[in-house]
Amino acid sequence: MTHGAHGLDGGIWIRNARVASFDPSCDGPYGVRQDADALAVRDGRITWIGRDRDAPADVRALPALDAHGQWITPGLIDCHTHLVYAGSRAREFEMRLNGASYEDIARAGGGIVSTVRATRQAGEAGLVEQALPRLRALMLEGVTTVEIKSGYGLDMDTELAMLRAARTLERTVPVTVRTTFLAAHAVPPEYSGRADAYIDFVCTQVLPAAVRLGLVDAVDVFHENIGFDAAQAERMLQAAAAFGLPVKLHAEQLSLCGATALGARYRAMSTDHLEHLDEAGVQAMAEAGTVAVLLPGAFYFLRDTHVPPVDLLRRHGVPIAVATDCNPGTSPFASLLLMLNMACTLFRLTPAEALNGVTHAAARALGIHDQAGSITVGKRADLAFWNVAELAELCYSYGTHRPTRVLRHGVERGMAPGAAAAPA
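Each value, and the rule that gives it
Residue indices begin from 1 for each chain and proceed along its sequence in written order. Since the coordinates come from a predicted model, pLDDT governs what is reported: local features require at least 70, and pairs of side-chain atoms require 80 or more to be given and counted, while whole-chain, interface and lining totals use all residues. Neither water nor hydrogens contribute to the side-chain values; these are computed over all heavy atoms in the structure. UniProt positions are given in the numbering used here, feature names are shortened, and annotations may be inferred rather than shown by experiment. Note that domain bounds follow an automatic or database assignment of domains. Residue contacts are defined here by distance: any two heavy atoms, one from each residue, within 4.5 Å place the two residues in contact. Each of two parts loses accessible area, computed with a 1.4 Å probe, when they are put together; buried area is these two losses added. A carboxyl oxygen of Asp or Glu within 4 Å of a side-chain nitrogen of Lys or Arg is what we treat as a salt bridge. Counted as a polar contact is a pair of N or O atoms within 3.5 Å, where, for protein atoms, one must be capable of donating a hydrogen and the other of accepting one, and residues adjacent in sequence contribute only when both atoms are in side chains. Starting at the N terminus, helices and strands are each numbered in turn, a helix being any DSSP run of H or I of at least four residues and a strand any DSSP run of E of at least two. Each residue is assigned to one class: nonpolar for Ala, Val, Leu, Ile, Met, Phe, Trp, Tyr, Cys and Pro, charged for Asp, Glu, Lys and Arg, and polar for all the others, Gly among them. Relative accessible area decides the class of each residue, using a 1.4 Å probe on protein chains only: under 20% of the type maximum gives buried, over 50% gives exposed, and in between gives partly exposed. The pairing criterion is simple: DSSP has to find at least two bridges between the two strands. Consider the strands pointing away from the viewer: the crossover is right-handed when the path from the first strand over the helix to the second runs clockwise. Working convention: axes come from line fits to C-alpha atoms, limited for helices to the stretch in contact. Angles between N-to-C directions cover 0 to 180 degrees. In this scheme, a crossing is called left-handed if the near helix is turned counterclockwise away from the far one by less than a right angle; it is called right-handed if the turn is clockwise.

Under an unreviewed UniProt entry, the name given to the chain is Imidazolonepropionase, and the organism recorded is Bordetella flabilis. The Function (unreviewed entry) field of the UniProt record for the chain holds the comment "Catalyzes the hydrolytic cleavage of the carbon-nitrogen bond in imidazolone-5-propanoate to yield N-formimidoyl-L-glutamate. It is the third step in the universal histidine degradation pathway." Quoted verbatim from the Subcellular location (unreviewed entry) field of UniProt, the annotation for the chain is "Cytoplasm".

Domain boundaries in the chain define domain 1 (12-75 + 374-413) and domain 2 (76-366). At the interface, 24 residues of domain 1 touch 27 residues of domain 2. For the pair domain 1 and domain 2, the summed buried area comes to about 2,100 Å², and 63% of that belongs to carbon and sulfur atoms. Interface area lost by domain 1 to domain 2 is led by Cys 395, Tyr 398 and Arg 413, which between them contribute 31%. Taken together, domain 1 and domain 2 are joined by zero salt bridges. Put simply, domain 1 and domain 2 have ten residue pairs in polar contact (both at pLDDT 80 or more) between them. Going through the elements one at a time, strand S8 (71-74), helix H15 (393-396) and strand S18 (405-408) are the ones with two or more residues in the side of domain 1 that touches domain 2. Partitioning the side of domain 1 that touches domain 2 into residue classes produces 15 nonpolar, four polar and five charged.

This part covers the pairing of strand S15 (residues 291-294). Consecutive side chains along a regular strand alternate between the two faces of the sheet. The alternating pattern of S15 places Val 291 and Val 293 and Ala 292 and Leu 294 on opposite faces, both of which are buried. Bridging between strand S14 (residues 270-273) and S15 involves three bridges; their strand directions are parallel. Looking at the pairing, Thr 271 lines up with Ala 292 of S15. In this view, the connection linking S14 to its parallel neighbour S15 by way of helix H9 (residues 279-288) has right-handed handedness.

Attention shifts here to the packing of helix H4 (residues 112-140) against helix H5 (residues 156-172). With their axes 9 Å apart at the nearest point, H4 and H5 run at an angle of 30 degrees to one another. The element H4 and its partner H5 pack so that their crossing is right-handed. Of H5, the residues touching H4 (which contributes Thr 119, Arg 120, Glu 124, Leu 127, Val 128, Ala 131, Leu 132 and Leu 135) are Thr 158, Ala 161, Met 162, Arg 164, Ala 165, Thr 168, Leu 169 and Thr 172.

Here the focus is the UniProt feature "binding site: N-formimidoyl-L-glutamate" (unreviewed entry) in the chain. Here, UniProt's "binding site: N-formimidoyl-L-glutamate" (unreviewed entry) annotation points to Tyr 152, Asn 327 and Gly 329. For this annotated set, covering 178 residues, all C-alpha atoms fall within 11.2 Å of each other, a compact arrangement in space. Mapped onto the elements, Asn 327 comes out in the loop between strand S16 (320-322) and helix H12 (336-347). With a relative accessible area of 4%, Asn 327 lands in the buried category. In this structure, Asn 327 is in contact with His 82, Tyr 85, Tyr 152 and Pro 332, ignoring residues within four places of it in sequence. Of the polar contacts made by the side chain of Asn 327, one reaches the backbone oxygen of Asp 325; its length is 2.7 Å. By the secondary structure assignment, Gly 329 is in the loop between S16 and H12.

Take unusual backbone geometry next. It is generally the case that most residues other than glycine have a negative phi and that most peptide bonds are trans. With a phi angle near 55 degrees, Arg 303 is a residue other than glycine that sits in the positive phi range. Inspection of the secondary structure puts Arg 303 in the loop between helix H10 (296-301) and helix H11 (310-315). On the basis of relative accessible area, Arg 303 is assigned to the exposed category, the value being 65%. Positive phi is not limited to glycine here, since His 409 has a value of about 55 degrees.

What follows covers the sheet that holds strand S6 (residues 45-50). Sheet architecture is open: four strands sit in the order S6-S5-S3-S7, paired in mixed fashion. Since the sheet does not close on itself, it has two edges, and those belong to S6 and strand S7 (64-66), each with one partner. Taking the axes of each pair of neighbouring strands and ignoring which way they run, one obtains an average angle of 20 degrees across the sheet.

Opposite charge on two side chains permits pairing when their charged atoms draw close. If you walk through the whole model with that rule in mind, you get 19 salt bridges. For the salt bridge of Glu 92 with Arg 89, the shortest nitrogen-to-oxygen distance reads 2.9 Å. Taking relative accessible area as the criterion, Glu 92 reaches 8% and is therefore assigned buried. Of the residues examined, Arg 89 reaches a relative accessible area of 12% and is grouped as buried. In this structure, Asp 200 engages Arg 235 in a salt bridge whose closest nitrogen and oxygen atoms are separated by 1.9 Å.

Attention now goes to the sheet that holds S18. Overall, mixed pairing links the five strands, which are arranged S4-S8-S17-S18-S19 in an open sheet. A single partner strand is all that each edge strand has here, and the edge strands are strand S4 (18-19) and strand S19 (411-412).

It is worth spelling out the packing of H5 against helix H6 (residues 195-212) at this point. Two numbers describe how H5 lies on H6: the axes approach to 10 Å, and their chain directions differ by 40 degrees. For the element pair H5 and H6, the recorded crossing hand is right-handed. Contacts between H5 and H6 involve Met 156, Glu 159, Leu 160 and Leu 163 from the first element and Phe 201, Gln 205, Val 206, Ala 209 and Ala 210 from the second. Here the residues of the contact of H5 with H6 sort into seven nonpolar, one polar and one charged.

Shown next, in the form of structure tokens:
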């Protein structure tokens with residue numbers, strides 16, 4: 001077996017594995033393949049899954065890797081992050097704990113305005129440099145695909161710089177990045193009191209420029225009582241539709257404002273947060289095929305008490321994804337494994353639901369479920385190996401589990417420092 005810069009090169013025959021496919025066509029939790037303990041990878045794709053003893057001759061000719069009974073899952077997918085930004089909001093976190101109000105913090109130059117200011121000043125190279133540690137932290141936990149939003153520039157140059165930085169991250173480290181245009185995140189200071197004019201600027205100038213440069217995979221908008229109203233949000237969705245871009249929405253986080261129903265009308269890939277979602281919104285999501293993305297880090301950090309309607313989502317068959325929402329203001333976390341535990345403890349997801357939420361459902365939330373998110377013949381060989389007795393351990397405890405191996409596009413990415421590897 002040959003080894004390249006990141007590990008295994010070429011085709012590979014993985015043997016003696018326990019396969020948690022998260023393929024929805026498989027019965028039972030986790031999509032466990034009772035009929036398979038081996039798989040083959042060629043040219044970055046899964047080409048065969050089955051019993052080791054039944055492996056065809058062309059599979060047996062491949063270099064073999066003994067998984068030593070470890071669980072193999074799809075590479076994890078973090079489908080909602082604001083990973084590219086500059087600066088820190090730790091000081092205002094401390095101020096709040098010392099009794100300062102949001103008004104006090106705003107007067108002191110804090111809040112999203114401080115992140116916008118720092119992000120504008122950082123430059124593209126600075127944004128890449130500051131984002132890399134956060135991205136590497138996710139990668140150490142088995143993340144092979146991550147969504148990265150813009151939205152802390154709120155001007156032409158910085159929004160484009162954020163998106164270019166996201167593309168640069170994908171070229172810098174072995175991870176797949178999906179970019180989301182979120183210039184409709186907040187109204188910048190120079191447009192204070194002129195939200196309509198800002199949306200005009202974003203729709204007619206910034207988004208077209210980003211599309212021309214090939215920087216946009218999807219469009220998002222923050223539709224909320226402190227964000228953009230229904231008419232402004234719809235203008236953003238219409239602009240996305242004119243370019244043939246899929247859409248997502250920050251929805252029903254702080255109030256029931258109809259963002260989910262609006263997203264459903266535009267066949268949104270996902271609506272995210274959803275603490276105040278009602279049954280009508282859930283029904284609209286089910287009819288549109290929209291994924292519910294739950295963000296327990298923000299719920300926890302904001303000390304929210306209004307739990308998303310998980311039972312309604314289950315009842316109507318809406319897929320549930322889980323993500324970090326990694327951002328400086330409301331979810332400063334770069335750990336998808338921590339989100340698994342939070343999703344189970346705070347939102348009462350089962351471990352199987354939570355893990356499906358960072359694999360198959362997360363892939364659906366990004367519109368890439370035909371390529372990733374499950375261990376299925378024809379899909380990318382993005383795989384994580386776990387030295388655990390039960391898959392529920394990945395949700396049950398935190399800080400004790402990292403994958404022993406991660407393959408992205410069939411190439412081994414290397415082990416997390418300190419991860420206990422099974423003998424090769």
